[in-house]
Amino acid sequence: MASSSSDSAEATPPWLELPREMTTTILQKLGAIEILTTAEKVCTSWRSLCQEAAMWQSIDMRNEGNLWEMPYDLEKMCRHAVDRSQGQLIDINIEYFGSDELLLYISQRCPQLRRLRLVLCYGITGEGVVEAVKNLPLLEELHLYYTYIDNEAIEAVGRCCPLLTSFKLNNHGYKLPHIVCDLEALAVAENMPKLRHLQLFGNKMSNEGLQAILDGCPHLESLDLRQCFNVHLAGNLGKLCCERIKDLRRPHDSTDDYGFDAEIHDYETSGDDYITGYSDIDMVSDYGDYLEFSGGSMSSISSYEYEDELLVDWE
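This report concerns the structure included in the present document. Just so it is clear, the structure is predicted and the values come from calculations on it, not from any experiment.

1. Topic: the packing of aromatic side chains
Inspection of the entire model under this criterion finds six aromatic pairs. Centre to centre, the rings of Tyr122 and Tyr148 are 6.4 Å apart; their planes meet at 10°, and the pair counts as stacked. Here the residue Tyr122 occupies a position in the loop between β3 (115-119) and α7 (126-133), and Tyr148 occupies one in the loop between β4 (141-145) and α8 (151-160), the gap between them amounting to 26 residues. On the accessibility criterion, Tyr148 (17% relative accessible area) is buried. Relative to Tyr258, the ring of Tyr145 lies with its centre 6.4 Å away and its plane at 45°, an arrangement referred to as tilted. Pair noted here: Tyr145 is in strand β4 and Tyr258 is in the loop between β9 (247-249) and β10 (274-276), with a separation of 113 residues, a long-range link. Neither Tyr145 nor Tyr258 differs from the other in exposure class; each is buried. Chaining the aromatic ring pairs together yields one cluster made of Tyr145, Tyr146, Phe201, Tyr258 and Phe260. Taking the ring centre of Tyr105 as reference, the NZ or CZ of Arg79 above it sits at 4.6 Å.

Shown next as structure tokens:
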């Protein structure tokens, strides 16, 4: 009986017998934060696996956004994950934190990056995106959710990333005040000719901007125009979209599968206001007290110098 008990205690857990490639795939589903703070501490085998560059070809820094309660310096953690990739990083997702300095750090060390996704990264500016994409000639997908860049930054992305096939620039939709601006749409149309997938959720473009996109992006397969309330898909333009676009989402289509807050945030207006040539980045400036507070909070939290005892020992 003693021998049997000893053999049972020394038996190798079945999950340690999985092929390394399969274990890597499973661990990557946890996300970078959990890998660095939990998974790599489970056993020496996992620790060794988590040190390999192959583990960090894809970095997912997803989190719940409660940065005030976050005991880790996410920006420092992200840099560490990037360093572990040894330049092999091809896909990165950053949510609720970040800075221009972090984005530049990533671009300088990972020129093979193919996919970049930024969600609610108020600390990242259009100027920061412009500097970063100069180092990313292989970028194929750039997805921005509530991370604001203007038309000049869009133009720079198109020039620096000639292989770009998927672009998302998503903002909160609103009907009031009635603002029309085609600057972002024209920047896309004139600088991103190889796009196959385009999502401009909540954009202020008009039919003119949409027509420019159809003319300048002949390879489009999917186009998401949800909450683009200045676009009216009637007549010849609507017919052209239906003929050209395999997957077309119309301005008033359901947002149930969007994945983010899609509530329409209207601002008080006199009712007669009709503004043209006014972009979403201008709206950010006008409501700067709120966004500056948000941006400052996000930035200060991500770069806050925590005491050593508050930092998990993942280095």
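2. Considering the environment of Glu190
Along the chain, the position of Glu190 falls in helix α9 (residues 183-191). The spacing of Glu190 and Gly216 is 26 residues in sequence and 6.0 Å in space, taken between C-alpha atoms.

3. Overview of the environment of Leu186
Here Leu186 shows up in helix α9. With relative accessibility at 27%, the residue Leu186 sits in the partly exposed group. Expressed as a C-alpha distance, the spacing of Leu186 and Leu210, which sit 24 residues apart in the sequence, is 8.5 Å.

Conventions adopted
- Residues numbered from 1 in each chain as written.
- Predicted model: local features only at pLDDT ≥ 70, side-chain atom pairs only at ≥ 80, totals over all residues.
- Heavy atoms only, no water.
- Phe/Tyr/Trp six-rings, centres within 6.5 Å; stacked < 30°, edge-to-face > 60°.
- Helix = DSSP H or I, 4+ residues; strand = E, 2+ residues; numbered from the N terminus.
- Buried < 20%, exposed > 50% of the residue type's maximum accessible area, 1.4 Å probe, protein only.
- Lys NZ or Arg CZ within 6 Å of the ring centre and 35° of its normal.

None of this, on its own, says anything about what the molecule does.
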